[in-house]
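So the chains spell out like this:
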Amino acid sequence: MKNKKIKIARVEADVSQEKLAAMVGVTRQTINLIESGNYNPSLKLCTAICKVLNKTLDDLFWEE
Amino acid sequence: MSVEKLVKETKLIIWFTLFVSLVLFATWVVLETTGTFFINNKAFLALSLIPFSAALASSLKLMKIRKHPQWMVSETDERVVAEKNEAEAKTLKALQGLLFLSYLGYTFVSPEDIFQSIGWWITLSVLLFSLFAPFLFRHILKS
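Given the structure is predicted, the values throughout are model-derived calculations rather than measurements.

With respect to the overall build of chain B
When helices and strands are tallied, chain B shows five helices and zero strands. Helices and strands appear in chain B in the N-to-C order α-α-α-α-α. With 143 residues in all, chain B has 24% of them scored as buried. Long-range pairs, those at least 24 residues apart, make up 52% of the contacts in chain B with a sequence separation of at least 6. Taken as a whole, chain B presents about 10600 Å² of accessible surface, with 74% of it coming from carbon and sulfur.

Focus on the interface of chain B and chain A
Chain B puts six residues into the contact, and the matching count from chain A is ten residues. Summing both sides of the interface, chain B and chain A together bury roughly 640 Å²; the carbon and sulfur share of this comes to 52%. Taken together, the links from chain B to chain A amount to zero salt bridges. Our count for the contact surface shared by chain B and chain A stands at six residue pairs in polar contact (both at pLDDT 80 or more). Looking at the side of chain B that touches chain A, the elements with two or more residues in it are α3 (72-76) and α4 (78-109) of chain B. The element contributing the most residues to the side of chain B that touches chain A is α3(B), with three residues.

As for the packing of helix α1 (residues 3-34) of chain B against helix α2 (residues 42-67) of chain B
Residues and elements named next belong to chain B. Contact pair α1 / α2: the axes reach a minimum separation of 8 Å and the direction vectors enclose 155°. Classified by the interaxial angle, the pair formed by α1 and α2 is roughly antiparallel. Crossing of α1 over α2 shows left-handed handedness. Per-class residue counts for the contact of α1 with α2 are 19 nonpolar, seven polar and four charged.

Here's the deal with helix α2 (residues 17-24) of chain A
Residue and element names in this part refer to chain A. Gln17, Leu20, Ala21 and Val24 are the residues of α2 that are buried. Buried positions in α2, seen along its axis, are confined to an arc of 100° and lie on one side of it. What points out from α2, more than 90 degrees from its buried face, is the exposed set Glu18 and Ala22. For α2, the elements touching its buried residues are α1 (4-12), α3 (28-35) and α4 (43-53). Glycine 25, located one to two residues past α2, shows a positive phi value of around 75°.

A look at the pattern of salt bridges
Residues and elements named next belong to chain B. Across all of its chains, the model carries four salt bridges over all chains by this definition. With a closest N to O distance of 3.3 Å, arginine 79 and glutamate 83 form a salt bridge. In this pair, arginine 79 and glutamate 83 both sit in helix α4, four residues apart, roughly one turn of the helix.

Comments concerning the packing of α2(A) against α3(A)
Residues and elements named next belong to chain A. At their nearest, the axes of α2 and α3 sit 8 Å apart, and the two run at 110° to each other. Judged by the inter-axis angle, α2 sits roughly perpendicular to α3. Touching Gln17, Glu18, Leu20, Ala21 and Val24 of α2 are Arg28, Ile31, Asn32 and Glu35, all from α3. The class makeup of the residues in the contact of α2 with α3 is four nonpolar, two polar and three charged.

Section: the nonpolar core
Residue and element names in this part refer to chain A. In terms of nonpolar packing, the biggest core is built from 15 residues, with Val24, Ile31, Ile49, Leu53 and Leu60 touching the most fellow members. Taken together, the elements giving at least two residues each to this core come down to α1, α2, α3 and α4. Among the elements that make up this core, the one with the highest residue count is α4 (four residues). Discounting residues that sit within four places of it in the chain, isoleucine 49 has contacts with Val24, Ile31, Ile34 and Leu60.

Structural notes on the packing of aromatic side chains
All names here are of chain B. On inspection of all chains with the given rule, the structure shows five aromatic pairs over all chains. Ring centres of tyrosine 103 and tryptophan 120 lie 5.9 Å apart, and the angle between their planes is 45°; on these two criteria the pair is classed as tilted. One end of the pair, tyrosine 103, is in helix α4; the other, tryptophan 120, is in helix α5 (residues 118-142), with 17 residues separating them in the sequence. Judged by relative accessible area, tyrosine 103 falls into the buried class, the value being 19%.

Reading the values: rules and limits
Residues numbered from 1 in each chain as written. Chains lettered and ligands numbered in written order. Predicted model: local features only at pLDDT ≥ 70, side-chain atom pairs only at ≥ 80, totals over all residues. Heavy atoms only, no water. Helix = DSSP H or I, 4+ residues; strand = E, 2+ residues; numbered from the N terminus. Buried < 20%, exposed > 50% of the residue type's maximum accessible area, 1.4 Å probe, protein only. Contact = heavy atoms within 4.5 Å. Areas by Shrake-Rupley, 256 points an atom, 1.4 Å probe, with all protein chains shown as cover. Buried area = accessible area lost by both parts, 1.4 Å probe. Salt bridge = Lys/Arg side-chain N within 4 Å of Asp/Glu carboxyl O. Polar contact = N/O pair within 3.5 Å; in protein donor to acceptor, adjacent residues only side chain to side chain. Axes fitted to C-alpha atoms, helices over the stretch in contact; angles between N-to-C directions. Parallel < 35°, antiparallel > 145°, perpendicular 65-115°, else oblique. Left-handed = near helix turned anticlockwise from the far one by under 90°. Nonpolar A, V, L, I, M, F, W, Y, C, P; charged D, E, K, R; others polar. Arc of directions from axis to C-beta. Core = buried A, V, L, I, M, F, W, Y, C linked by side-chain atoms within 4.5 Å. Phe/Tyr/Trp six-rings, centres within 6.5 Å; stacked < 30°, edge-to-face > 60°.

So yeah, pure geometry; function would need other evidence.
Here is the structure:
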């Protein structure tokens with residue numbers, strides 16, 4: 001399932017996939033795969049993404 | 001894997017492979033100068049080239065990391081690392097299968113070699129090592 005929350009948060013923060021990838025220390029492909037729901041990131045990576053986008057884990061990764 | 005850890009690991013590989021290469025090369029030099037014939041002495045010279053090539057490849061990798069630090073990301077990305085680990089695990093499984101077939105084939109083709117020839121013992125030892133080494137390394141990593 002696609003993770004639209006990350007994409008929306010990223011666009012809101014005006015950060016490109018490439019920039020976000022560089023900030024959290026992964027490749028752009030990994031960010032793309034997370035957003036498209038094809039990769040399940042580790043908790044460490046999830047928290048790193050949350051910190052960069054100034055969001056909580058609930059905001060970006062909790063599914064109702 | 002962190003950047004520091006990868007650089008440290010690469011440096012360790014370089015020093016270890018260089019040491020092995022140097023030992024093999026020195027053995028060849030000593031055997032040649034003393035005129036001692038231990039199997040074919042040239043084998044030591046040829047074998048010393050393998051770790052030397054590995055050291056060269058690792059130092060090239062280190063140079064690349066220093067020149068283009070952004071290249072490091074692809075080496076430390078958890079997804080890429082997980083993919084590499086999975087590929088290595090599958091390779092181990094395939095090798096275990098091959099070793100098992102070799103052992104089975106050897107045992108059936110040359111039953112007179114069982115418990116007798118060094119080849120049979122080596123095949124059995126390598127097969128057992130490939131089966132038990134993962135448990136051993138897991139235990140070491142845990143502790």
